[in-house]
Amino acid sequence: MINNLEILKPILHFEKDYYVRVIILSRSKDGNLLQKRIGRDLFFGTLESLQEAMPDIIATATEYNARVYIDTVSKRLSSGFLAQIE
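Conventions used here
- Residues numbered from 1 in each chain as written.
- Predicted model: local features only at pLDDT ≥ 70, side-chain atom pairs only at ≥ 80, totals over all residues.
- Heavy atoms only, no water.
- Helix = DSSP H or I, 4+ residues; strand = E, 2+ residues; numbered from the N terminus.
- Expected span 1.5 Å × (residues − 1).
- Buried < 20%, exposed > 50% of the residue type's maximum accessible area, 1.4 Å probe, protein only.
- Contact = heavy atoms within 4.5 Å.

Give a detailed account of unusual backbone geometry, specifying residues and quantitative values.
Located in the positive-phi region is N65, a residue other than glycine, with phi close to 50 degrees. As for its placement among the helices and strands, N65 is situated in the loop between α2 (47-63) and β3 (67-70).

Shown next, in the form of C-alpha cells:
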C-alpha cells in the first residue's frame, strides 16, 4: 500500500470548524466481492487526529482491499456540508 500522507500534509488545511474528509472505498473492479466491500467516510479536525487514525485506516483498507482517498479541500461545518452527505 502506498501512503501519501507525508506528501499531502502541506496542502491539508486544518483550522477551527474545518474538517478534512477521508474516504475508505473498495471497488468491485479491483476484484472485491460484494460480501467483502466497504464504503466509509471519516472526518478529522486536526492533523494529529488524522495521523493517530492512519494505522487503523490502513489496516481497514488492507483488510477490505480498499483505497483511501483524502479530500484536500477542507469543509467548514457551518456550510452544511455534513447535512449534505447524511
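Please give an account of α2 that cites residues and values.
Relative to the 24 Å expected for 17 residues at 1.5 Å per residue, α2 spans 24 Å between its end C-alpha atoms, a close match to the ideal helical length. Buried within α2 are the following residues: L50, A53, M54, I57, T60 and A61. Against the buried residues of α2 lie α1 (5-8), β1 (18-25), β2 (39-44) and β3. Phi turns positive one or two residues past the end of α2, at N65, with a value near 50 degrees.

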